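# Structural overview for review
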Amino acid sequence: MSIATAVAPHLPYLRRFARALTGSQASGDAYVVAVLEAFIEDPNAFARDLPARIALYRAFLKVWDSISLNMDASDAPTEDADSADCNLDAITPRPRQAFLLMALEGFSLSEAAQVLDLPPQEIKALIDQAGAEIAEQIAADILIIEDEPLIAMDLEALVTDVGHRVLGVARTHAEAVAAVANRQPSLVLADIQLADGSSGLEAVNEILSTITVPVIFITAYPERLLTGQKPEPTFLITKPFQPETVKAVISQALFFDTRAKRSGKEAA
Amino acid sequence: MGSQSKPPGQQPMENDDREAEAKPGARVDANVRAHLGRKLKTAYQSLIEEPVPDRFVKLLDELRNKEGKS
């Protein structure tokens, strides 16, 4: 089979990988073009002894490592789907590659090892480093709005365990609003039904009228959220919750929330 | 306020007796990494669905021709 025929079905995925790795479609595509030009120049740049997809990604990363195409992501027009690009950019290149190969592109550890031409234990170390860098990057000051003490304690233990700080636990609408006035959280975890009969939803709406912050609702009554009038993108977890679900959704909310970092970049 | 009520090093907060510091050395685990990967996939879905731009098709043709000659 010709190289062209072997790699053609994988090009859309390589463009995705390149986009995620470089932070912009223009820059990513420039590298994909460069790798195809490298094959035209020298077909031996394609490792025929490897599965085509692995050989293609390996050649791509060799190109990416060896040349700088001088297409700064900030020069390229930014498209809408790239809210994570800023956060990905901040991960050290090698760990970023390993993380994206496995989490985004679905390569197994041993396949990623072949792509990066490294022993599997080094891939494991790179993935761990990516995990640590992501945790550090998304570390947040969290306000918990929850009236049930045991659940509040569970949530507190869970979020501090993954590197976040709890600014406070509010049990009522009034406490929540007062807490935000005191210190601005970077994430809010909110129950809907609060101790004094007040509503976590109304508390959050009041908070969102003064600050912009991602909100995750944790509720036994998800239907009460379906009012169809939430302007802010919110997240919903149903009680009783799995700790793993809460961790995943918190990470998602913060990883894809680049407003603070964006404005910082623009100011620079 | 009792001396045992706060661990050392924790900052006292006005109106807030429940501040909790992050544990050091945290990292997102395999479950969270996989979750972020799925969300990234969703974010880039349109890229997978759109046709590959012409310049890539041309380069593939060029590569095919070159291979045919050698």
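Residues numbered from 1 in each chain as written. Chains lettered and ligands numbered in written order. Predicted model: local features only at pLDDT ≥ 70, side-chain atom pairs only at ≥ 80, totals over all residues. Heavy atoms only, no water.

### Brief notes about the overall build of chain B
Looking only at helices and strands, chain B has 3 helices and 0 strands in total. In sequence order, chain B lays out its α and β elements as α-α-α. Taken over 70 residues, chain B has a buried fraction of 30%. Roughly 4,900 Å² of accessible area belongs to chain B as shown, and the carbon and sulfur atoms make up 50% of that amount. (Helix = DSSP H or I, 4+ residues; strand = E, 2+ residues; numbered from the N terminus. Buried < 20%, exposed > 50% of the residue type's maximum accessible area, 1.4 Å probe, protein only. Areas by Shrake-Rupley, 256 points an atom, 1.4 Å probe, with all protein chains shown as cover.)

### Thoughts on the overall build of chain A
Counting its regular elements, chain A contains 13 helices and 5 strands. A buried classification covers 54% of the 268 residues belonging to chain A. A sequence separation of at least 24 residues applies to 70% of the contacts in chain A between residues at least 6 apart. For chain A, the accessible surface area stands at approximately 11,400 Å², while carbon and sulfur atoms represent 53% of it. (Contact = heavy atoms within 4.5 Å.)

### Let's talk about the side chain of A:Thr22
All names here are of chain A. Mapped onto the elements, threonine 22 comes out in helix α2 (residues 11-22). A polar contact is formed between the side chain of threonine 22 and the backbone oxygen of serine 24, at a distance of 3.1 Å. Among the polar contacts listed, one links the side chain of threonine 22 to the backbone nitrogen of glycine 28, at a separation of 3.2 Å. (Polar contact = N/O pair within 3.5 Å; in protein donor to acceptor, adjacent residues only side chain to side chain.)

### What to know about the packing of aromatic side chains
The geometry of two aromatic rings is summed up by the distance between their centres and the angle between their planes. Residue and element names in this part refer to chain A. Inspection of every chain in the model, using the stated rule, returns 6 aromatic pairs over all chains. With a centroid separation of 6.5 Å and an interplanar angle of 70 degrees, the aromatic rings of tyrosine 31 and phenylalanine 60 are classed as edge-to-face. Within this pair, whereas tyrosine 31 is found in helix α3 (residues 25-41), its partner phenylalanine 60 is found in helix α4 (residues 52-66), the two being separated by 29 residues in sequence. Residue classification places tyrosine 31 among the buried residues on the basis of a relative accessible area of 7%. Each residue in the set Phe17, Tyr31, Tyr57, Phe60 and Phe107 is aromatic and connected to the rest through ring pairs, giving one cluster. Over the ring of phenylalanine 107 we find arginine 53; its NZ or CZ atom is 4.2 Å from the centre of that ring. (Phe/Tyr/Trp six-rings, centres within 6.5 Å; stacked < 30°, edge-to-face > 60°. Lys NZ or Arg CZ within 6 Å of the ring centre and 35° of its normal.)

### A few points about the interface of chain A and chain B
If you look at the interface, chain A gives 61 residues, while chain B gives 40 residues. Taken together, both faces of the contact between chain A and chain B bury some 4,700 Å²; the carbon and sulfur share is 65%. When residues of chain A are sorted by the area they lose upon contact with chain B, A:Arg15, A:Arg16 and A:Ile40 head the list and together hold 13% of the total. For the interface between chain A and chain B, the tally reads 8 salt bridges. At the surface where chain A touches chain B, the tally comes to 13 residue pairs in polar contact (both at pLDDT 80 or more). Among the elements that line the side of chain A that touches chain B, the one with the most residues is α3(A), at 9 residues. Here the residues of the side of chain A that touches chain B are counted per class, giving 35 nonpolar, 11 polar and 15 charged. (Buried area = accessible area lost by both parts, 1.4 Å probe. Salt bridge = Lys/Arg side-chain N within 4 Å of Asp/Glu carboxyl O. Nonpolar A, V, L, I, M, F, W, Y, C, P; charged D, E, K, R; others polar.)

### Observations regarding the environment of A:Gln129
Residue and element names in this part refer to chain A. Relative to the elements of secondary structure, glutamine 129 occurs in helix α8 (residues 120-138). Taking the C-alpha atoms as reference points, glutamine 129 and proline 93, 36 residues apart in sequence, are found 11 Å from one another. Ignoring any residue separated from it by four or fewer positions in sequence, one finds glutamine 129 in contact with Thr92 and Pro95.

### A closer look at the packing of helix α9 (residues 149-161) of chain A against helix α12 (residues 243-255) of chain A
To describe two helices that pack against each other, one gives the angle between their axes and the distance between the axes. Residues and elements named next belong to chain A. Interaxial distance between α9 and α12 falls to 10 Å at its minimum, and their mutual angle equals 55 degrees. As summarised for this structure, α9 and α12 are arranged oblique, according to the angle between their axes. The handedness of the crossing between α9 and α12 comes out as right-handed. Contact with α9, carried on its side by Leu155, Leu158, Val159 and Asp161, involves Pro243, Val246, Lys247 and Ile250 of α12 and no other residues of that element. Of the residues that constitute the contact of α9 with α12, the class distribution is 6 nonpolar, no polar and 2 charged. (Axes fitted to C-alpha atoms, helices over the stretch in contact; angles between N-to-C directions. Parallel < 35°, antiparallel > 145°, perpendicular 65-115°, else oblique. Left-handed = near helix turned anticlockwise from the far one by under 90°.)

### Side note on α9(A)
Look at α9(A): 18 Å from first C-alpha to last across 13 residues, which is about the 18 Å you get at 1.5 Å a residue. Positive backbone phi, approximately 100 degrees, marks A:Gly163, located one or two places after α9(A). (Expected span 1.5 Å × (residues − 1).)

### Let's talk about the sheet that holds strand β2 (residues 165-170) of chain A
Residue and element names in this part refer to chain A. Strand order across the open sheet formed by 5 strands is β2-β1-β3-β4-β5, with parallel pairing between neighbours. Looking at strand neighbours, the two that pair on one side only are β2 and β5 (234-238), the edges of this open sheet. The sheet shows a mean angle of 20 degrees between the axes of neighbouring strands, taken without regard to direction. Looking at chain direction, strand β1 (residues 141-145) and β2 are connected through 5 bridges and run parallel. Each bridged residue has a counterpart across the sheet, and for leucine 143 the counterpart in β2 is glycine 168. On top of the sheet, α9 reaches β1, β2, β3 (187-190) and β4 (215-219); it is set at about 165 degrees to β2, its chief contact. Here helix α11 (residues 200-208) sits on the sheet in contact with β1, β3 and β4, set at roughly 175 degrees to β4. (Pairing = 2+ DSSP bridges.)

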